[in-house]
Amino acid sequence: MTSLNTTDAAFNPFGGDGPPGPSPSARWLAVAAVTLGIFSIVTTEILPIGLLDEIGSGFGVSDGTAGLMMTMPGLLAAVCAPLTTAATARVDRRLMLCLFMSLLLVANLLVAAAPGYWLVLVSRVLVGVVIGGFWSIAIGLAERLVPSGSVRRATAVIFSAVPLGSVLGVPAGTFIGNAAGWRTAFVVMSAFTLAVLILTFLVVPPLPPTGTTGLRVLSGLVKEVNTRFALLLTFLVVLAHFGTYTYVAPFLHDVTGAGPHLTTIALLAYGVAGIAGNFLGGTIIGRHPRAVFGAVASVIAAVTLLLPVAGRRPVVALVLLIVWGLAYGAVPLCSQTWFIKAAPAAPEAASVLFTASFQASLSLGALAGGAVLDRTSPSAVMVCGGLVAVLTVLAAGVHFARRLDWPRWPGRDH
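Residues numbered from 1 in each chain as written. Predicted model: local features only at pLDDT ≥ 70, side-chain atom pairs only at ≥ 80, totals over all residues. Heavy atoms only, no water.

Enquirer: Where do I start with the overall build of the chain in this structure?
Expert: A count of helices and strands for the chain gives 19 helices and zero strands. Put simply, the chain has 414 residues, and 57% of those count as buried. In the chain, 87% of the contacts between residues at least 6 apart in sequence involve partners at least 24 apart. Carbon together with sulfur atoms contributes 71% to the accessible area of the chain, which is approximately 16000 Å² in total. (Helix = DSSP H or I, 4+ residues; strand = E, 2+ residues; numbered from the N terminus. Buried < 20%, exposed > 50% of the residue type's maximum accessible area, 1.4 Å probe, protein only. Contact = heavy atoms within 4.5 Å. Areas by Shrake-Rupley, 256 points an atom, 1.4 Å probe, with all protein chains shown as cover.)

Enquirer: Please explain the packing of helix H1 (residues 24-46) against helix H10 (residues 182-203) as it appears in this structure.
Expert: To characterise two packed helices, one gives the angle between the axes of the helices and the distance between these axes. Interaxial distance between H1 and H10 falls to 9 Å at its minimum, and their mutual angle equals 155 degrees. Between H1 and H10, the interaxial angle falls into the category roughly antiparallel. Every pair of crossing elements has a handedness; the one defined by H1 and H10 is left-handed. On the side of H1, the interface is formed by Leu29, Ala30, Ala33, Leu36, Gly37, Phe39, Ser40, Thr43 and Thr44, while H10 contributes Met189, Phe192, Thr193, Val196, Leu199, Thr200 and Val203. Among the residues forming the contact of H1 with H10, the class breakdown is 10 nonpolar, six polar and no charged. (Axes fitted to C-alpha atoms, helices over the stretch in contact; angles between N-to-C directions. Parallel < 35°, antiparallel > 145°, perpendicular 65-115°, else oblique. Left-handed = near helix turned anticlockwise from the far one by under 90°. Nonpolar A, V, L, I, M, F, W, Y, C, P; charged D, E, K, R; others polar.)

Enquirer: What am I meant to see in the environment of leucine 232 here?
Expert: Secondary-structure assignment places leucine 232 in helix H12 (residues 225-245). Its relative accessible area of 37% is what places leucine 232 among the partly exposed residues. Each C-alpha atom of the pair leucine 232 and alanine 395 lies 8.0 Å from the other, and the pair is 163 residues apart in sequence.

Enquirer: What is the right way to read the side chain of serine 335 from this model?
Expert: Examined against the element boundaries, serine 335 turns out to sit in helix H17 (residues 331-342). Among the polar contacts listed, one links the side chain of serine 335 to the side chain of threonine 234, at a separation of 2.5 Å. Setting aside chain neighbours within four positions, we find serine 335 in contact with Thr234, Phe293 and Phe354. (Polar contact = N/O pair within 3.5 Å; in protein donor to acceptor, adjacent residues only side chain to side chain.)

Enquirer: Can you help me understand the packing of aromatic side chains in this one?
Expert: Two aromatic rings, taken as a pair, are described by how far apart their centres are and by the angle between their planes. For the structure on display, the rule yields 10 aromatic pairs. With centroids separated by 5.9 Å and ring planes inclined at 90 degrees, the aromatic side chains of phenylalanine 242 and tyrosine 328 adopt a geometry described as edge-to-face. Note that phenylalanine 242 is positioned in helix H12 and tyrosine 328 in helix H16 (residues 314-328), a separation of 86 residues in sequence. With respect to class, phenylalanine 242 is no different from tyrosine 328; both count as buried. (Phe/Tyr/Trp six-rings, centres within 6.5 Å; stacked < 30°, edge-to-face > 60°.)

Enquirer: In this structure, what is going on with the environment of serine 335? I would like to understand it.
Expert: We classify serine 335 as buried; its relative accessible area is 1%. Sequence separation of serine 335 and serine 351 is 16 residues, and the distance between their C-alpha atoms is 9.8 Å.

Enquirer: How should helix H6 (residues 117-138) be read in this particular structure?
Expert: Quick reminder: α-helices carry 3.6 residues per turn. Residues three or four places apart thus point the same way. Between its terminal C-alpha atoms H6 stretches 31 Å, which fits the 32 Å expected from 22 residues at 1.5 Å a residue. Taking burial as the measure, the 22 residues of H6 include 17 buried ones, the bulk of the element. (Expected span 1.5 Å × (residues − 1).)

Enquirer: How should I be thinking about H17 in this particular structure?
Expert: Taking 1.5 Å as the rise per residue, H17 with 12 residues should run 16 Å; its terminal C-alpha atoms sit 16 Å apart, in good agreement. Across the 12 residues of H17, 11 count as buried, placing the element largely inside the fold. Among all positions of H17, only Val331, Pro332, Cys334, Ser335, Gln336, Thr337, Trp338, Phe339, Ile340, Lys341 and Ala342 are buried.

Enquirer: What am I meant to see in the side chain of threonine 193 here?
Expert: Among the structural elements, threonine 193 can be located in helix H10. Within the local environment of threonine 193, its side chain forms a polar contact with the backbone oxygen of methionine 189, the two atoms lying 2.8 Å apart. If sequence neighbours within four positions are ignored, threonine 193 has contacts with Ser40, Met101, Leu104, Leu105 and Asn108.

Enquirer: I keep staring at the confidence of the model for the chain and nothing clicks. Help me out?
Expert: A low pLDDT score tells you not to read the predicted coordinates there in detail. Chain-level statistics for the chain give a pLDDT mean of 81 and a share of 86% at 70 or above. Mean pLDDT across the elements of the chain ranges from a minimum in helix H11 (residues 216-222), with 73, to a maximum in H10, with 95. A low-confidence stretch, residues 1-11 stays under pLDDT 50, and its non-local contacts, those more than four residues away or across chains, total 38 contacts. In the model, residues 406-414 has pLDDT below 50 throughout and makes 21 contacts with residues more than four positions away in sequence or in other chains. (pLDDT = per-residue confidence, 0-100.)

Written out as structure tokens, the structure is:
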């Protein structure tokens, strides 16, 4: 079995830089379909954050138990990312993209029609399978859909769906849920997913497999010290973030005294700040990955520790959420860059490790935050998350103090 470096990136169904193929608009329409697919996945995954109180009340479960909607997808995605990479290496990629979009459609419809909370959790299992599977395939598709000179831009477009899901998807879903009921938000999400499925089928070309992918390279990467630090830092900072952000709506309701409209505005402001943080971090992360990681972890620690003290005033809470969004917007890029720099010879394998570790940490953070919330209060959740973020800062400092050098990254920017 060959390494991940011999997979999808080796073949361009549109002809790449060879003979003339479809027009540039056709190529970019395929990129747009993949981007919209990721957008729908990200939005579906984190949509419950803004509707946690409403869904929990609808089924008569606590906020902590409702937080399982965030835990289930992350755990399944962490398992499915490497397994799907290996198991579907010989299956046409367009077929797999359509299959995962179909599963996402079913998952959203199940939530919209669920008579009991157990069926909601079943649907979230399907969401986890989709996250792990779709991401493991979508990571390398830019190189197959556009000429080599446009790969960097196409990759940026595809990954822009992640912050956009937070900025547009969650606030819009929260607004719909508050106006017409939380089930309606999932009905709308189902309709959007169906549209993306049809678009993917129509505009994405056949993507026959070009090689097999083994898991041996993944286990080899974990033995590298820089990869282990990437795993540790990702675990800590994502645990801190989603252990608190998952329950930011209950905090705004119970501590700040915010109503539905102010909560929607706060989430929107957070999301917009996240996009700004993503681009801001991208300008400096390549040259200073340790410093950026330490800085964003420090800000997350400061904000989550300050919220219980100063977040009772709506204006202060809103400002702190904007600062939080700026910091966290750079976290996924920091983590992914750290993994790729730690494994420059196997960037696809590094991306799979990033996806698996990120999703596992997300789910454990939501689970831990829910357990704390059920036993204490939203303020205690923020304090616990802040302390974990402090540990992230200390771990980044240890890495810097040990002066662990990055391996050379041939053919790439810093």
